[in-house]
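Residue-level structural notes
Given next are the chains, with one letter for each unit.
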Amino acid sequence: MIYAYLFSMFFRIGLFSFGGGLAMLPLIFQSVQDFGIMSAHEFSNLVALSQVTPGPIAVNAATYVGFNYAGVPGAMTATLGVCLPSFVLILIVMKFMEKFKESKGLEGAFLGIRPVTVGLIGAAAIFVAETSLVNGTLFSTKVFTNPLSYINPIPCAIFVVTLILAGKFKVSPIKITILMAIVGAVVCG
Amino acid sequence: MAESKKKAIKEHASLFWEFFKIGLFTIGGGMAMLPLIQKVAVEDKKWMDAEDMIDCLAVSQAMPGVIAINSATYIGRRRRGLTGSLAATLGVILPSFLIIIAVVSLLGTVGQNRYVEGAFTGVKAAVCGLVIVSACKLGKQVLRDPFAWTLAILAFLAIAVFRITALWAIIVGAVAGILYLTIREHRRAEK
């Protein structure tokens, strides 16, 4: 019974949240509130933990809730629930894409979708920047009026070094991630 | 027969292992995964070209659910069909699953630890740079004419400045692309 509960709850979260990651957290909060299985304090623990541990945030959150509520089988049930909609929907969409590969409509759609996706990736970088490189939104006049409290110097330096290492010297993202975690722990810690 | 079976096992194992590493080294979720996936799938293993990578991301963003699972399923299927999807998805989930259970069992919770927070600050700044480098690499492959550049810039502004949901930008892009292709074909037919 508990397992059916967990499964259906996380299946719904997986099915109805767009944008992934952080965008899913409000929906998760609402669901655990509705089911009355977690306090606000516990939820803030979940958010902190999901973000600092590696991997997809939604999977972290599902494992956390499931494990706290019903041990390892609970963690498995919740994780399966949150992943299943993604898995099945993508397989269906790919089947559809392959079936209509020759169609002009699909070709045209992707002609427009591809550049939009590049813009979207750029925008994603801006959102990350707003939580690390600067305080507040990136397109802000504060950069002129109050630059010292607006710009975070150490993250900005890490950012520039990353651009050089990844862009020019082709260092692998994994190596850069490990290096900058150490630099961050030593310099900012 | 034996040879192809061996190859199949090897390719499934490789999907699992590469996605396991991606799951293990992505902190912050969502787009933070892109630079790692791109490096493995496009550059190192040559599982797909840049255009297919973009399609994978577009589909992953436009569909509901966990972006990492969406892209693992997509790339796994491209490479080895349904079982490939399973291998890649399992790989990307497993590190999260094990680490969360270990942390909750051993520590109960993550307290305020300044070294952990410092490491997190460093990683976030690095992710920002890595995502920009990925965007440039993919952009170089996809943005080949003024139409594509215009759409990319408009999408960037709409999402980054005006905070429009990514899904809407993708839908508008699809419609614009269909119109563009129709007009182009029409003009060609007239000539």
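Residues numbered from 1 in each chain as written. Chains lettered and ligands numbered in written order. Predicted model: local features only at pLDDT ≥ 70, side-chain atom pairs only at ≥ 80, totals over all residues.

If you check an unreviewed UniProt entry, chain B appears there as Chromate transporter from Anaerovorax odorimutans. Per its UniProt entry, chain B bears the Subcellular location (unreviewed entry) comment "Cell membrane". Reading the Sequence similarities (unreviewed entry) entry of the UniProt record for chain B gives the comment "Belongs to the chromate ion transporter (CHR) (TC 2.A.51) family." (UniProt positions renumbered as here; feature names shortened; annotations may be inferred.)

In the annotation of an unreviewed UniProt entry, the entry for chain A reads Chromate transporter, and the organism field reads Anaerovorax odorimutans. Check the Subcellular location (unreviewed entry) section of the UniProt entry for chain A; it says "Cell membrane". Under the heading Sequence similarities (unreviewed entry), UniProt records this for chain A: "Belongs to the chromate ion transporter (CHR) (TC 2.A.51) family."

Glancing now at the packing of helix 5 (residues 104-132) of chain A against helix 7 (residues 166-190) of chain B. Viewed as axis vectors pointing N to C, helix 5 of chain A and helix 7 of chain B meet at an angle of 135 degrees, and their least axial separation amounts to 6 Å. Taken together, the axes of helix 5 of chain A and helix 7 of chain B lie oblique to each other. Where helix 5 of chain A crosses over helix 7 of chain B, the handedness of that crossing is right-handed. Judged by residue contacts, Lys104, Gly105, Glu107, Gly108, Ala109, Phe110, Leu111, Gly112, Ile113, Pro115, Val116 and Leu120 of chain A of helix 5 of chain A engage Ala166, Ala169, Ile170, Gly173, Ala174, Ala176, Gly177, Ile178, Tyr180, Leu181 and Thr182 of chain B from helix 7 of chain B. Among the residues forming the contact of helix 5 of chain A with helix 7 of chain B, the class breakdown is 15 nonpolar, 6 polar and 2 charged. (Axes fitted to C-alpha atoms, helices over the stretch in contact; angles between N-to-C directions. Helix = DSSP H or I, 4+ residues; strand = E, 2+ residues; numbered from the N terminus. Parallel < 35°, antiparallel > 145°, perpendicular 65-115°, else oblique. Left-handed = near helix turned anticlockwise from the far one by under 90°. Contact = placed C-beta atoms within 7 Å. Nonpolar A, V, L, I, M, F, W, Y, C, P; charged D, E, K, R; others polar.)

Before going further, it helps to examine the UniProt feature "transmembrane region" (unreviewed entry) in chain A. Residues and elements named next belong to chain A. UniProt feature "transmembrane region" (unreviewed entry): in the numbering of this structure it lies at residues 9-29, 75-97, 109-129 and 149-166. Note that residues 109-129 is 100% helix and 0% strand, and that its end C-alpha atoms are spaced 30 Å apart. Within residues 149-166, the helical portion is 89% and the strand portion 0%, while the C-alpha atoms at the span's ends are 28 Å from each other.

On to the interface of chain A and chain B, then. Taken together, the 87 residues of chain A in the interface contact 92 residues of chain B. Elements with a contribution of two residues or more to the side of chain A that touches chain B: helix 1 (2-16), helix 3 (40-52), helix 4 (57-99), helix 5, helix 8 (153-168) and helix 9 (173-187) of chain A. Element by element, the count of residues in the side of chain A that touches chain B is highest for helix 5 of chain A, at 26 residues. Of the residues in the side of chain A that touches chain B, the class split is 56 nonpolar, 28 polar and 3 charged.

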